[in-house]
Amino acid sequence: MTQLLVDEAAAPVRAPRRGSSWLRYIGLKAGGAAVSLVMVVMLGFFAFRILPGDPVRSLADGRQVTAEQMDILRRQYGLDQPMLVQFWRYLTDLFQGKLGESYTYNRPVMELILDRIGPTLLLTGTAALLSVVLGLWLGQRAAWRRGSAFDKAQTGIALVFWSVPTFWLGLLLLLIFGGGLRWFPTGGMVTAGSTETGLPLIWDVARHLVLPVLTLVAVVYAQYLMVMRASLLEEMTSAYLVTARAKGLREDDVRRGHAVPNALLPTVTLIFLTLGGLVGGAVTVETVFSWPGLGYLTFQALSAPDYPLLQGTFVVFSAIVVVMNFFADVMYRVLDPRLRTA
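Cut-offs and rules
- In this numbering scheme, every chain counts its residues from 1 along its sequence in written order.
- In keeping with the model being predicted, local features are shown solely for residues with a pLDDT of at least 70 and side-chain atom pairs are shown and tallied solely at 80 or more, while totals for entire chains, interfaces and linings include all residues.
- Only hydrogens and water are removed before side-chain values are computed, so all heavy atoms of the structure are retained for them.
- UniProt positions are given in the numbering used here, feature names are shortened, and annotations may be inferred rather than shown by experiment.
- A run of H or I in DSSP counts as a helix once it spans at least four residues, and a run of E counts as a strand once it spans at least two, with each numbered from the N terminus.
- Only the C-alpha atoms count toward the radius of gyration. The rule for a globule is 2.2 Å times the residue count to the power 0.38.
- With a 1.4 Å probe rolled over the protein chains alone, any residue whose accessible area is under 20% of its type maximum counts as buried; one over 50% counts as exposed, and the rest are partly exposed.
- Any two residues whose heavy atoms approach within 4.5 Å at even a single point are treated as in contact.
- Residue exposure ignores everything except the shown protein chains as possible cover, and the areas themselves are Shrake-Rupley values with a 1.4 Å probe.
- Two kinds of site are reported from a 1 Å grid over the protein atoms alone, namely cavities, where a 1.4 Å probe fits but cannot get out, and pockets, open sets with protein on both sides within 12 Å along at least five of seven lines, and residues are called lining when an atom falls within 4 Å of a point.
- Grid points are joined across faces, edges and corners, and a volume is the space filled by probe spheres set on the points.
- Residue polarity follows a fixed list, in which Ala, Val, Leu, Ile, Met, Phe, Trp, Tyr, Cys and Pro are nonpolar, Asp, Glu, Lys and Arg are charged, and the others, Gly among them, are polar.
- The span you would expect from a helix comes to 1.5 Å times its residue count less one.
- Working note: the arc is built from the helix axis to C-beta atom directions.
- Within this document, salt bridges are pairs made up of a side-chain nitrogen of Lys or Arg and a carboxyl oxygen of Asp or Glu, the two lying within 4 Å of each other.
- Only buried residues count toward a nonpolar core. Its members are Ala, Val, Leu, Ile, Met, Phe, Trp, Tyr and Cys residues joined through side-chain atoms within 4.5 Å.
- For the purpose of charge, His is not counted, nor are the chain termini; Lys and Arg are scored as positive and Asp and Glu as negative.
- Under this scheme, a helix contributes an axis fitted over its contacting stretch, all axes are lines through C-alpha atoms, and angles between N-to-C directions fall in the 0 to 180 degree range.
- Left-handed describes a crossing whose near helix is turned anticlockwise from the far helix by less than a right angle; the clockwise case is right-handed.

The protein has the name ABC transporter permease in an unreviewed UniProt entry, where Cryobacterium roopkundense is given as its organism. As recorded by UniProt, the Subcellular location (unreviewed entry) comment attached to the protein reads in full: "Cell membrane".

Below, the structure written as structure tokens:
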């Protein structure tokens, strides 16, 4: 026994395990994001080619166009070329920063996307901010009052809104508050024919923004509420809260100063993950409310089908999701010290 203790004392002390460096971690995550983007580019090209419909026939719909003229249009758009030749042309244009030219608008796709991305960011950014604030506030209060009428009511309401189809809720709000009560405009971003500037213009945009934002917030905030509630319930069984109460702190101080900050970790990660999906999910809301953003542009491109425009919006939506996932991975490592030693 004595010899065993001597051997253990003489054994070299192992250094604490150190995780991979930040450079290696970010490199791995950036490499994964790059591979995802390559897959998106390939999927975006071939997936839209299997859609039913002929773009040239759709463009000629309702017009007196001969078969020769339609063949000229196909040659002009390169649709008479084999699929692999079209794909190679698409790749070479993409490496030069070009997304092609829209069949419908006869404008470069990049210009159309830059024109429409502002309204989409305004809509989804406002909805994301309100969803996060509302979901986190309700989630932490519901968890702290677990089993109360407030907890049951808020959890039930959030789950109902979460399960409702976005387009159906948008149409319902449009019917009640736009068509019936006439409290808010029924579509667009500004009043048709309006020449307002300055504060009257801001007020006009804000009124048009209410119903689309309300639709997105109602569907999305439940995710933050449920994650925050579950995370805080797990923290409420921790011993450090007993110590905080033993120091004489009030319940509100214990919740705000100790429990909530530790419960925020999974919620912060969820925020980054859902931000990208929120931008892509705005397609339905923008279509219902005729909001002039990327989502409505995608819907119009699907009607043709306008291949270059569809590919361009698909790449932009997917790139936003991939970039947000990358930031979520980085933020998770910053916030959780256990990942820095993994």
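J.: Quick one: what's the story with the overall build of the protein, residue by residue and with numbers?
T.: When its secondary structure is counted, the protein shows 14 helices and 0 strands. Reading the secondary structure of the protein in the N-to-C direction produces α-α-α-α-α-α-α-α-α-α-α-α-α-α. Taken over C-alpha atoms, the radius of gyration comes to 27 Å for the protein, far larger than the 20 Å a tight globule of 342 residues would show. For the protein, the spread of C-alpha atoms along the three principal axes comes to 100 × 60 × 35 Å. Scored against the burial criterion, the 342 residues of the protein give a buried share of 38%. Partitioning the contacts of the protein with sequence separation of at least 6, the portion at a separation of at least 24 is 74%. Looking at the protein as shown, the accessible area adds up to about 19,500 Å², and 66% of this sits on carbon and sulfur atoms.

J.: Let's hear about empty space enclosed by the protein: which residues, and what values?
T.: One simple way to see leftover space: roll a probe sized like a water molecule over the atoms. A full pass over the atoms with the stated rule returns 1 cavity of 30 Å³ or more. Roughly 30 Å³ of volume is contained in the largest cavity. In terms of lining, the largest cavity is formed by P185, T186, G187, G188, H208, L211, P212 and F289. The residue inventory of the lining of the largest cavity, partitioned by class, reads 4 nonpolar, 4 polar and no charged.

J.: Lay out helix α7 (residues 149-163) with the relevant residues and their values.
T.: With 15 residues, α7 extends 21 Å from end C-alpha to end C-alpha; this agrees with the ideal 21 Å at 1.5 Å per step. Within α7, burial applies to D151, Q154, T155 and A158. For α7, the arc enclosing every buried residue in end-on projection is 95 degrees, short of the 170-degree limit, so these residues lie on one face. In α7, the exposed residues that point more than 90 degrees away from the buried face are A149, K152 and S163. Packing partners of the buried residues in α7 comprise α6 (109-144) and α9 (199-235).

J.: A description of helix α2 (residues 22-49) should follow, citing residues and the corresponding values.
T.: With 28 residues, α2 extends 41 Å between its outermost C-alpha atoms, agreeing within 8% with the 40 Å of an ideal straight helix rising 1.5 Å per residue. Within the sequence span of α2, burial applies to Y25, A33, V40, V41, G44, F45, F48 and R49. Structurally, α2 contributes buried residues whose contacts are with α5 (83-95) and α13 (307-335).

J.: Hey, could you go over the pattern of salt bridges for me, with residue numbers and the actual values?
T.: Per the stated rule, a full pass over the model turns up 7 salt bridges. Between R229 and D151 there is a salt bridge, and its shortest N-O distance comes to 2.9 Å. One end of the pair, R229, is in helix α9; the other, D151, is in helix α7, and 78 residues separate them in sequence. Each member of the pair, R229 as well as D151, carries the same accessibility label: buried. The network of salt bridges with common partners includes R107, E111 and D115.

J.: Give me the nonpolar core: which residues, what numbers.
T.: Ranked by size, the top nonpolar core spans 22 residues in total, and within it L123, L169, V213, Y221 and F289 carry the most contacts. It is α9 that contributes the most residues to this core, 10 residues altogether. In this structure, Y221 is in contact with S131, L134, G135, L138, I157, A158 and F161, ignoring residues within four places of it in sequence. Membership of the second largest hydrophobic core comes to 18 residues, among which are M70, V109, L294 and F317.

J.: I'd like a description of the side chain of R116, backed by residues and values.
T.: Looking at the secondary structure, you find R116 in helix α6. Of the side chains bearing the opposite charge, D115 lies closest to the buried R116, which forms no salt bridge; the N-O distance is 6.5 Å.

J.: Requested: an account of the packing of α6 against α9, with residues and values cited.
T.: Closest axis-to-axis distance for the α6/α9 pair is 5 Å, and the angle between their directions is 35 degrees. The handedness of the crossing between α6 and α9 comes out as right-handed. Grouping the amino acids of the contact of α6 with α9 by side-chain chemistry returns 24 nonpolar, 5 polar and 1 charged.

J.: Outline the environment of Y221, listing residues and values.
T.: Residue placement: Y221 occurs in helix α9. Relative accessible area serves as the criterion here: at 5%, Y221 is assigned to the buried category.

J.: I'd like a rundown of the environment of V316, residues and numbers included.
T.: Inspection of the secondary structure assignment puts V316 in helix α13. For V316, a relative accessible area of 16% translates into the label buried. It is 9.3 Å that separates the C-alpha atoms of V316 and L294, two residues lying 22 residues apart in sequence. In contact with V316, other than residues within four places in its own chain, are I113 and L294.

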